[in-house]
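Residue-level structure breakdown
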Amino acid sequence: GQQVMQIPQYQHVQEGEDFTTYCNSSTTLSNIQWYKQRPGGHPVFLIQLVKSGEVKKQKRLTFQFGEAKKNSSLHITATQTTDVGTYFCAGRTSGTYKYIFGTGTRLKVLA
Amino acid sequence: DVKVTQSSRYLVKRTGEKVFLECVQDMDHENMFWYRQDPGLGLRLIYFSYDVKMKEKGDIPEGYSVSREKKERFSLILESASTNQTSMYLCASSPTELEAFFGQGTRLTVV
């Protein structure tokens, strides 16, 4: 079945450093979503990417969708302590309603 | 604001008990989902529903069943709870192909 892997599983960075998490799917995706889960909280939607090669920015966050629509990345520039949490990607293949979540990347930011 | 409400934040049940986890959404969304979240495994889809009385198995349906008699309510049933079903259970709802809104989660412990 469809699998979505994320790397790294954990990342500790100093405040101000950059951070990137990568998401890889075993199958071509129709679209991909990114979520953030703060410690003790529930996942909250960040963004959705649909087009091949698409790049979207939200302030210090940059999201990319690969040309083959099988991988995606989230890059945070100059991390802050408020960026702490687990970041998940979730991919959907065409013809289905369901999203398969990646394993998540847990980010810790050291002040 | 969209609200997805899970009936309990914490539950402790005995092995062999039948357990009901309830989820209600107030935005008339077609799709509803049940995930379980375990450390290092991300969110794994148990079941989802794309309409009233319609359901599809996710990746780990064994030991679970679901019920969707009304559009706003999606119930997860553990027919005979086992210790390996101790986990965080997350319910989500979404309009088709758009972002998912998650409930606060139910931390279930089976003893």
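Look up a bit, the structure's there.
First, a word on what this report is: a plain description of the structure on this page. All of these numbers come straight from a predicted model, not from anything done at the bench.

1. Re the environment of B:Arg68
Residues and elements named next belong to chain B. With respect to the helices and strands, the residue Arg68 is situated in strand S7 (residues 64-70). Apart from the residues lying within four places of it in its own chain, the contact partners of Arg68 are Gln25, His29, Glu30, Asn31, Met32, Ser49, Tyr50, Asp51, Val52, Lys53, Arg73 and Phe74. Within polar-contact distance, the side chain of Arg68 engages the backbone oxygen of Glu30 at 2.6 Å. Within the structure, Arg68 has its side chain in polar contact with the side chain of Ser49 (distance 3.0 Å).

2. Concerning empty space enclosed by the protein
Applying the stated criterion across every chain yields a total of one cavity of 30 Å³ or more. In this structure, the largest cavity occupies an estimated 40 Å³ of space. As for the largest cavity, its lining consists of A:Gln33, A:Tyr35, A:Ala90, A:Tyr99, A:Phe101, B:Phe33, B:Tyr35, B:Ala100 and B:Phe102. Mapped onto the lining of the largest cavity, the elements with two or more residues apiece are strand S4 (31-37) of chain A together with strand S4 (31-38) of chain B.

3. Brief notes about the layout of surface pockets
In this model, the largest pocket occupies a volume close to 630 Å³. Every element with two or more residues in the lining of the largest pocket is listed here: strand S9 (85-92) and strand S11 (105-110) of chain A together with S4 and strand S9 (87-94) of chain B. Counting residues per element, the lining of the largest pocket draws most heavily on S11(A), at four residues. Of the volumes computed, that of the second largest pocket is approximately 320 Å³. Taken together, 16 residues form the lining of the second largest pocket, with A:Gln2, A:Gln3, A:Val4, A:Ile100 and B:Asp59 sitting closest to its centre. Looking at the lining of the second largest pocket, the elements with two or more residues in it are strand S1 (4-7) and strand S10 (100-101) of chain A together with strand S5 (42-51) of chain B. Of the residues in the lining of the second largest pocket, the class split is eight nonpolar, five polar and three charged.

4. As for the state of the cysteines
For the structure shown, the criterion picks out two disulfides over all chains. Between the sulfur atoms of A:Cys23 and its disulfide partner A:Cys89 the distance amounts to 2.0 Å. The disulfide joining A:Cys23 to A:Cys89 has a torsion of about 75° about its S-S bond and is therefore right-handed. Here the residue A:Cys23 occupies a position in strand S3 (residues 19-25), and A:Cys89 occupies one in strand S9, the gap between them amounting to 66 residues. Summarising the burial analysis for this pair, A:Cys23 and A:Cys89 share the class buried. A sulfur-sulfur distance of 1.9 Å marks the disulfide that ties B:Cys23 to B:Cys91.

5. A word on the packing of aromatic side chains
Residues and elements named next belong to chain A. This structure, assessed with the given rule, holds 12 aromatic pairs over all chains. Their ring planes at 45° and their centres at 5.9 Å tell us that Phe19 and Tyr87 sit as a pair that is tilted. Residue Phe19 is found in strand S3, and its partner Tyr87 is found in strand S9; the two are separated by 68 residues along the sequence. Ring centres 5.4 Å apart and planes at 45° place the aromatic pair Tyr35 and Phe101 in the tilted group. Here Tyr35 is found in strand S4, whereas its partner Phe101 is found in strand S10, with 66 residues between them in sequence. Classification of Phe101 by relative accessible area gives buried; the value is 6%.

6. A closer look at the pairing of S4(A)
All names here are of chain A. Counting buried residues along S4, seven of its seven residues qualify, which places the element largely inside the surrounding structure. What you see with S4 is no split at all: Asn31, Gln33, Tyr35 and Gln37 on one side and Ile32, Trp34 and Lys36 on the other are buried throughout. Two elements, S4 and S9, share seven bridges in a ladder whose sense is antiparallel. Bridge pairing in S9 places Gln33 opposite Ala90. Where S4 lies against strand S5 (residues 44-49), five bridges are found, and the strand directions are antiparallel. Each residue of the ladder has a partner; that of Ile32, found in S5, is Leu49.

Reading the values: the criteria
- Sequence order sets the numbering: in each chain, residues are counted from 1 along the sequence as written.
- Naming scheme: in the order in which they are written, chains are lettered from A and ligands are numbered from 1.
- Totals for whole chains, interfaces and linings use every residue, but because this is a predicted model, local features are given only for residues with pLDDT of at least 70 and side-chain atom pairs only at 80 or more, for both listing and counting.
- Computation of side-chain values: all heavy atoms of the structure, hydrogens and water removed.
- Strands here are runs of E lasting at least two residues and helices are runs of H or I lasting at least four, both read from the DSSP assignment and numbered beginning at the N terminus.
- Working rule for contacts: check all heavy atoms of both residues, and any pair within 4.5 Å makes them a contact.
- As used in this structure description, the phrase polar contact means that two N or O atoms lie within 3.5 Å; if the pair is within protein, one of them must be able to donate a hydrogen and the other to accept it, and residues adjacent in sequence are counted only when both atoms belong to side chains.
- Points on a 1 Å grid, built from protein atoms alone, make a cavity when a 1.4 Å probe fits but cannot get out and make a pocket when they are open with protein on both sides within 12 Å along at least 5 of 7 lines; residues with an atom within 4 Å of a point are the lining residues.
- Grid points are joined across faces, edges and corners, and a volume is the space filled by probe spheres set on the points.
- Side-chain classes are defined by residue name, with Ala, Val, Leu, Ile, Met, Phe, Trp, Tyr, Cys and Pro counting as nonpolar, Asp, Glu, Lys and Arg as charged, and the others, Gly among them, as polar.
- The disulfide criterion is simple: two cysteine sulfur atoms within 2.5 Å.
- Relative accessibility decides the category of a residue: with a 1.4 Å probe and only protein chains considered, values under 20% of the type maximum give buried, values over 50% give exposed, and everything between is partly exposed.
- Pairing of aromatic rings covers Phe, Tyr and Trp, the last counted by its six-membered ring, and requires centre-to-centre distances within 6.5 Å; plane angles under 30 degrees mean stacked, over 60 mean edge-to-face, and any other angle means tilted.
- Between any two strands, at least two bridges found by DSSP are needed for them to pair.

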